[in-house]
Amino acid sequence: MFRNYFKLALRHVVKHKAYVFINISGLSIGLACSIIIALFVVHEISYDKFNLKKDRIYRLYLDGKMGETELKGAWTCSPAAAAFVDDFPEVINAVRLDKWGQTIVKYNDKSFIEDGFMLADSTFFDIFSIPLIQGNPKTVLARRHTLVLTKTTAGKIFGNTDPMGKMIKIGTDSIYYTVSGIMEDVPDKAHFTFNMLGSFITDSRANSNQWLSNNLNTYLLLEKGASIEELQKKTPEFIERHIGPEVEKFLGASLEEFLNAGNRYGFFFQGLEDIHLDTDISHDLKPSNDKRYLYTFAMVAILILIIAAINYMNLATAQSAGRAKEVGIRKVMGSNRKNLIWQFLLESLILTIISITIALVLVELLLPFFNKLIQVQLELDYLGNWFVIPGLLLLSVFISLMAGAYPAFFLSSFEPLRIMGNRDSGGRKKSSFRSILVIIQLTVSISLILGSFIVYRQINYMLNKNLGFEKEQLLVIRRTSALGNKQDVFLREVEKLPAVLKATHSTAVPGRPNNNNGYWIEGQGSKKTYLMNTNWIDTNYPDVYKLKIANGRFFSDKFTSDSMACVINESAVKQFGLENPMEVRFMRPLGTEEKWEYLKVVGVVKDFHYESLHDRIYPHIFIFKPEETKWGSITLKLNTSDIENTIDRVDKLWRSLTKNDPLIYFFLDQDFERLYKEDRRTSILIAIFSFLAIIIASLGLFGLTSFTVEQRTKEIGIRKVNGAKISHIIWLLSKEIVILVGISVLIAWPITFYIMKGWLQDFYFRINLSPIEFLLSLLVGLGITWLTIIYKAVKAATANPTDSLRYE
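Here's what I pulled together on the structure shown here. (Residues numbered from 1 in each chain as written. Predicted model: local features only at pLDDT ≥ 70, side-chain atom pairs only at ≥ 80, totals over all residues. Heavy atoms only, no water.)

A short note on the overall build of the protein chain
- Regarding its fold elements, the protein chain presents 24 helices and 22 strands.
- Relative to its full complement of 808 residues, the protein chain shows a buried share of 53%.
- Approximately 37,300 Å² of the protein chain is accessible, and the part contributed by carbon and sulfur atoms is 57%. (Helix = DSSP H or I, 4+ residues; strand = E, 2+ residues; numbered from the N terminus. Buried < 20%, exposed > 50% of the residue type's maximum accessible area, 1.4 Å probe, protein only. Areas by Shrake-Rupley, 256 points an atom, 1.4 Å probe, with all protein chains shown as cover.)

With respect to the environment of Tyr58
- Its place among the elements puts Tyr58 in strand 1 (residues 57-66).
- The exposure class of Tyr58 is buried, given its relative accessible area of 16%.
- Excluding residues within four positions of it along the chain, Tyr58 makes contact with Thr218, Tyr219, Leu220, Leu222, Ile228, Phe269, Gln270 and Gly271. (Contact = heavy atoms within 4.5 Å.)

A word on the environment of Gly262
- Relative to the assigned elements, Gly262 resides in the loop between helix 8 (255-260) and strand 11 (264-271).
- Sequence-wise, Gly262 and Gly67 are 195 residues apart; in three dimensions their C-alpha atoms are separated by 7.2 Å.

Topic: helix 7 (residues 244-251)
- Along helix 7, the residues that are buried comprise Gly244, Glu246, Val247, Phe250 and Leu251. For helix 7, the angular spread of buried residues about the axis comes to 165 degrees, placing them on one side.
- Buried positions along helix 7 lie against helix 6 (228-242), helix 8, strand 14 (516-521), strand 18 (585-589) and strand 19 (596-605).
- One or two residues past the end of helix 7 sits Gly252, with phi positive at roughly 70 degrees. (Arc of directions from axis to C-beta.)

Here's the deal with the pairing of strand 13 (residues 500-506)
- Counting buried residues along strand 13, five of its seven residues qualify, which places the element largely inside the surrounding structure.
- Pairing of strand 13 with strand 21 (residues 633-638) involves six bridges; the strand directions are antiparallel. Residue Lys502 lies in a different strand from strand 21, and its bridge partner there is Lys637. (Pairing = 2+ DSSP bridges.)

Some remarks on the side chain of His191
- Relative to the assigned elements, His191 resides in the loop between strand 8 (177-183) and strand 9 (196-199).
- You can call His191 buried: its relative accessible area is 1%.
- There is a polar contact of 3.2 Å between the side chain of His191 and the side chain of Asp48.
- In this structure the side chain of His191 is engaged in a polar contact, spanning 2.6 Å, whose partner is the side chain of Tyr219.
- Not counting residues within four places of it along the chain, the set of residues in contact with His191 comprises Tyr47, Asp48, Arg59, Tyr219, Leu272, Ile275, Leu285 and Lys286. (Polar contact = N/O pair within 3.5 Å; in protein donor to acceptor, adjacent residues only side chain to side chain.)

What follows is the structure in structure tokens.
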């Protein structure tokens, strides 16, 4: 019996080629989009699952408030790791990590720029499941100046030579590191990335007892069955015991008094698998992705599938007039409703299987382009992942039921007597239902169009907003400590190059703040702390970045007192409530409770964006850079279009002063765009999938228009014989769709307004929604709809009425 149903279903599919083509096209595109989005979502949620102890690994993070400034990040102090292991039996191990970023690596006469040098305790391989190829996991990082390389990096530096025991120079360290181990490459789905792992015991902070210096990543391994909730309850006492004495030492107030003054300071725990999709907790290992974007993509995938399924339902019910007699004859010949439902569902399943097959081909063809576009490595591993094949089978059944259930039950309900008597078989009712389905399709499409416009405007606003400084033609050189005592020589000589207008040395540049320090105001006592981003600069910095002064002045060589002065931004004045900022002296401890540094405010700089526009402008302080400060960055203000030649000349000067070290640099305007990488990727994806959703909806509208024209062929002929104009016929055929577009717009606008208003809240600096995007979405919706139906409408309106009257 099943074979007969299958034959009948297959016969119908072969017979109605145009109908099948439209349905398969829409379903194939919809399924391909959904599969790609599903792969992307699975990729993002599967980070760190390779770790065998993932359920017991937690990252420590700091959640605090000092004065008016909130801070929440995976920054911890050096002694915390050992203290957690010593104080809590459920914490059985801990590891500290410190990523350096780009580092010069030298072996013999070869130099390399490595992006992923990281320091780690000897417990690293006890906690994280990255296999060692050579070396003992217990001892590879147990001694000072030892180094573990990834397999790829070892091959790049040493070729086919065994690297074990070889000596490598790292950065400016005068003592060479010894290769003590080789490990597998770090999995792409790890929340950190590195290619060289140095022993943390080498660092001067390894045995530090400073509890208020938070600049490391700390991970804890809990014993099996331990409760993280119970451990969290014990942390206030832990903080009181270890941090309380230092707070009292530096502030002259107890921890209780510090907290009662409105401040907050606490350690919390973040599960390993939660790190990659949590953007609320700052860290410096690997950028996290916002889980809200995944929800958005998942919703887009579902909406695209709904649009494709609606196409099938609409076209199937539109065909009902043509299939009504078939149903009547089948029922008269003895078929019952159950048999007909099976036949129609099998038709849907056949179309879905064909569509999924085509969709998989599309996915394989499009994935390389997609991976390059959004910089991920997605692949459809049919056998490597157990869920792929079952998932595709379930998707086939689900789409078949979603798209085919209503047509199956609707068509099988026709009564033979009504059909054979040429009476209406629920035409008005089914027409109304089709209109509802079209409205759903158009509402989704217009919402996606409108959302794309708003996302594009916000991204464009962020990339082009006046940041309060000039970021163009700024070449930033990193690792200035490599110059040593020749830094002033480099600054003088580089300014002699024709293309270099001015050079400046600073410890931070916009887009890369690296110091967030606590300060106090003289005369207010030490209970109230003010957090500010700190940047040590020279006198050229304001000119290079074109910062504008709001009050007072910048640093000058004419004032020797500027070595004990500071410049703050307008946000510091506002947030700290400074009525007379030029009379304020900030103070901060210099290591002991007896010695303080006093900084007199000599100027207030106008606010500028040194971080992403996602965030508000936080208090910022500039301090005159001491002569002995050699670390940080050198920024060159260029005035040339010959960038390549200029970089070559700067590189030659750099190498001549640094023992032939490679020049590590970036252009500030390009680097600033890094802050919006995730937003740009989201914008591109939404635009692509919106476009494809519109194509799918257009295919459905084209099919519906074709059936409408076919059903009204005689009516059109009669109207033309009676003198109807071509324009009148075209309007007659298209007015229903235009009305449906209008209804869809009225539904889509408020829904999209609500959703996008919420999305924009994630940006502290954002656009205001204007009527322009909404009107554009209406025009685009009408334009696409009109272009979709105009061909059939014009063809029907210009047809010979004699042929129309002979129809059927």
